[in-house]
Amino acid sequence: MALEYIIYCDESEEGGRYFSNFYGGALVTSKDLEPVREALEEKKLALNLHGEVKWTKITENYAQKYIDLLDTFFDLVAAVKIKVRVMFTQNVNVPKNLSRRHIDEKYFILYYQFLKHAFGLNCSPLTTGVDLRIYPDQLPDTAEKAAQFRSYLVALEKSPSFRQRKISIRPENVTDVRSHEHVILQCLDIVTGAMWFRLNDMHKEKVAPRKRGKRTKAKERVYNHINTRVRAIYPNFNIGVSTARPTATAAWDHPYRHWLFVPKERIYIPNSKRKKKGTP
């Protein structure tokens, strides 16, 4: 049986106060897929988390259970059994010279860029043949646009770097899935949601003039733990910038990376309310 790379994909909120268009991905190889699934499902069962876990469902009562589940998830990331990528845009960078097509298909164009570049497939090891399976969470657009999007992804196998590595993308291996049926996708949703939450200063939101809500505090607690686990892999990790590439194959090798997507043609519009220093 040919080696397979399986990429689960999720997107968080489109808009945000400072950062927008969040896309998350988790790559697992076929040899690691079942052990990873079993470890996460067993942990969910042990924590009595019988339903779907999602960032939006975090409450004060469940924060510790989510943290415990994410410890198992990040143990697998640290062991490079799962590779996680998060891409986003910053609102100060406003793209210019966009056509109507670019505007109408922004969601799929960004998704395509994310899948093509974020995991470093173009610098992955040379193989005798590998099948790529892509499982995005349910696509929110028309069936026609979704089919066109799939055709673009399938065409990636024709690029020189993919041909060199014998990476094959069959049409039936690009299909959207329901997140409640895939535990890896559920954990990815929490990580992506946490980054959207922190980069947009949602931890500061108040339900009263001087008081933050219990859910906000619970989500901040979960985010802080995620940040601690990421920094255990990369000390002083800055979530608001693209992760450095110290080597030519870092985009493939690293277990966890962020990508601040910056349009080539853009206008910079500073936001005076955002602090100027790097975001922790």
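### Some details on helix H5 (residues 143-154)
The terminal C-alpha atoms of H5, which comprises 12 residues, lie 16 Å apart, in line with the 16 Å expected from a rise of 1.5 Å per residue. Listed in full, the buried residues belonging to H5 are Ala-146, Phe-149, Leu-153 and Val-154. Down the axis of H5, the sector holding all buried residues measures 140°, keeping them to one side. As for H5, its buried residues are in contact with helix H4 (106-117) and strand E5 (130-136).

### What to know about the nonpolar core
Grouped together as the largest cluster of nonpolar side chains are 52 residues, with contacts concentrated most on Phe-73, Val-222, Ile-226 and Tyr-256. Those elements that provide at least two residues to this core are strand E1 (3-11), strand E2 (19-29), helix H1 (30-46), helix H2 (63-78), strand E3 (83-90), helix H7 (183-199), helix H8 (214-233) and strand E7 (256-260). A per-element tally of this core places H7 first, with 12 residues. For Phe-73, the residues in contact, after removing those within four places along its chain, are Leu-40, Ile-82, Val-84, Ile-184, Cys-187 and Val-191.

### Observations concerning the packing of H2 against H7
As a packed pair, H2 and H7 sit with axes 11 Å apart at the nearest point and diverge in direction by 110°. Taken together, the axis directions place H2 and H7 in an arrangement best described as roughly perpendicular. Residue-level inspection shows Tyr-66, Leu-69, Leu-70, Phe-73 and Phe-74 of H2 in contact with H7, the latter providing Ile-184, Cys-187, Ile-190 and Val-191. The class makeup of the residues in the contact of H2 with H7 is 9 nonpolar, no polar and no charged.

### Details of the pattern of salt bridges
By the definition in use, this model includes 14 salt bridges. A salt bridge links Arg-170 to Asp-131; the shortest N-O distance between them is 3.3 Å. A residue pair is termed long-range when its members are at least 10 positions apart, and Arg-170 in the loop between strand E6 (167-168) and H7 and Asp-131 in strand E5 qualify at 39 residues. On the basis of relative accessibility, which here comes to 34%, the residue Arg-170 falls in the partly exposed class. Residue Asp-131 is classed as buried on the basis of its relative accessible area, which comes to 13%.

### Overview of the side chain of His-254
Positionally, His-254 belongs in the loop between helix H9 (250-253) and E7. For His-254, the side chain forms a polar contact with the side chain of Arg-257, separated by 2.9 Å. Filtering out sequence-adjacent residues up to four positions away, His-254 remains in contact with Lys-83, Arg-85, Tyr-234, Thr-243, Ala-244 and Pro-246.

### A closer look at empty space enclosed by the protein
Empty space left among the atoms is revealed by rolling a probe the size of a water molecule over them. Using the criterion set out here, one finds 1 cavity of 30 Å³ or more in the structure. In this structure, the largest cavity encloses a volume near 30 Å³. For the largest cavity, the full set of lining residues is Glu-105, Phe-108, Lys-145, Gln-148, Phe-149 and Tyr-152. Sort the elements by how many residues they give to the lining of the largest cavity and H5 lands first, with 4 residues. Broken down by class, the residue content of the lining of the largest cavity amounts to 3 nonpolar, 1 polar and 2 charged.

### Focus: the packing of aromatic side chains
The full count for this structure, using the stated rule, is 18 aromatic pairs. With 5.7 Å between their ring centres and 75° between their planes, Phe-237 and Tyr-256 make a pair best called edge-to-face. Of this pair, Phe-237 sits in the loop between H8 and H9 while Tyr-256 sits in strand E7, and the two are 19 residues apart along the sequence. For Phe-237, a relative accessible area of 5% gives the class buried. Counting every residue linked through ring pairs, the aromatic cluster contains Tyr-23, Tyr-107, Phe-108, Tyr-111, Phe-114, Phe-119 and Phe-149.

### Quick notes on the sheet that holds E1
Spatial strand order, E6-E5-E1-E2-E3-E7: 6 strands in an open sheet with mixed pairing. Among the strands making up the open sheet, the edge pair consists of E6 and E7. As defined by bridge partners, E2 adjoins E3 across 7 bridges and the pair is classed as antiparallel. Of the residues in E3, the one forming a bridge with Tyr-23 is Met-87.

### Thoughts on the environment of Phe-73
Structurally, Phe-73 is set in helix H2. Relative accessible area serves as the criterion here: at 0%, Phe-73 is assigned to the buried category. When the C-alpha atoms of Phe-73 and Leu-188 are compared, they prove to be 9.1 Å apart, with 115 residues separating the residues in sequence.

Calculation criteria
- Residues numbered from 1 in each chain as written.
- Predicted model: local features only at pLDDT ≥ 70, side-chain atom pairs only at ≥ 80, totals over all residues.
- Heavy atoms only, no water.
- Helix = DSSP H or I, 4+ residues; strand = E, 2+ residues; numbered from the N terminus.
- Expected span 1.5 Å × (residues − 1).
- Buried < 20%, exposed > 50% of the residue type's maximum accessible area, 1.4 Å probe, protein only.
- Arc of directions from axis to C-beta.
- Contact = heavy atoms within 4.5 Å.
- Core = buried A, V, L, I, M, F, W, Y, C linked by side-chain atoms within 4.5 Å.
- Axes fitted to C-alpha atoms, helices over the stretch in contact; angles between N-to-C directions.
- Parallel < 35°, antiparallel > 145°, perpendicular 65-115°, else oblique.
- Nonpolar A, V, L, I, M, F, W, Y, C, P; charged D, E, K, R; others polar.
- Salt bridge = Lys/Arg side-chain N within 4 Å of Asp/Glu carboxyl O.
- Polar contact = N/O pair within 3.5 Å; in protein donor to acceptor, adjacent residues only side chain to side chain.
- 1 Å grid on protein atoms, 1.4 Å probe; cavity = no way out; pocket = protein on both sides within 12 Å on 5 of 7 lines; lining within 4 Å.
- Points joined across faces, edges and corners; volume = space filled by probe spheres on them.
- Phe/Tyr/Trp six-rings, centres within 6.5 Å; stacked < 30°, edge-to-face > 60°.
- Pairing = 2+ DSSP bridges.

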